[in-house]
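Topology and contacts: notes
Given next are the chains, with one letter for each unit.
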Amino acid sequence: MGFSVSGAAAIIFATMFVTFGMWFTASANSFESVSDAETDKSDRALEAQNTAISIANVTYNNTSAELTVVVTNTGAAQLSVETTDLLVDGQYQRGWEGSATVAGTDTRLWLAGEQLTITVATQAEPGRVKIVTENGVSAATTEVTLA
């Protein structure tokens, strides 16, 4: 066995060592990314499971042309007012967040047991309302009553 055989074996061994190192790093990073994604998914599922809302009252005032929606957070999760969606007659409503109050206070956090009151100016008399939370949980579509 001359130097060329020993040198070739050393080069092959070093190449295998570097190749294994690159493969291990790539697979470890991939496994970590998948593991983090699974953890995030289970956290979102738990939050959705702890979320529940119910529409307490929906009234429309013909005189002021205002729709008032009162929604109760009946779940255990805290909700954000900005990420809650309002649909009136199937149409997404924008810009109502500034006029919303939680338990009579202008706040952006909607805790368990608190009521969110939304007031929206509308031109036409609406027929039904739906509220959807940030994690996709919604209250049943509710008919509007006249005030």
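Residues numbered from 1 in each chain as written. Predicted model: local features only at pLDDT ≥ 70, side-chain atom pairs only at ≥ 80, totals over all residues. Heavy atoms only, no water.

**Quick word on a negative patch on the surface**
Negative charge collects at one region of the surface, where Glu32, Asp36, Asp40, Asp43, Glu47 and Glu134 lie side by side. With relative accessibility at 32%, the residue glutamate 47 sits in the partly exposed group. (Patch = residues over 30% accessible without salt bridge, like charges linked within 9 Å, V, L, I, M, F, W, Y side chains within 5 Å. Areas by Shrake-Rupley, 256 points an atom, 1.4 Å probe, with all protein chains shown as cover. Salt bridge = Lys/Arg side-chain N within 4 Å of Asp/Glu carboxyl O. Lys, Arg positive; Asp, Glu negative; His and termini not counted. Charge placed at Lys NZ, Arg CZ, Asp CG, Glu CD. Buried < 20%, exposed > 50% of the residue type's maximum accessible area, 1.4 Å probe, protein only.)

**Describing the pairing of strand E1 (residues 53-61)**
Summarising the sheet, E1 and strand E2 (residues 66-73) pair through eight bridges and their orientation is antiparallel. Within E2, the position partnered with tyrosine 60 by the bridge is leucine 67. Taking the residues between adjacent antiparallel strands as the criterion, E1 and E2 are bridged by four residues, where alanine 65 takes a positive phi near 55°. Where E1 lies against strand E11 (residues 145-146), two bridges are found, and the strand directions are parallel. Counted as the bridge partner of threonine 59 is threonine 145 from E11. (Pairing = 2+ DSSP bridges. Helix = DSSP H or I, 4+ residues; strand = E, 2+ residues; numbered from the N terminus.)

**Here we look at the sheet that holds strand E9 (residues 128-132)**
In spatial order, the strands read E5-E4-E9-E10; together these four strands make up an open sheet with antiparallel pairing. Looking along the sheet, the strands with just one partner apiece sit at the ends: strand E5 (91-92) and strand E10 (142-143). Summarising the sheet, strand E4 (residues 85-88) and E9 pair through four bridges and their orientation is antiparallel. Across the sheet, leucine 87 pairs through a bridge with lysine 130, a residue of E9.

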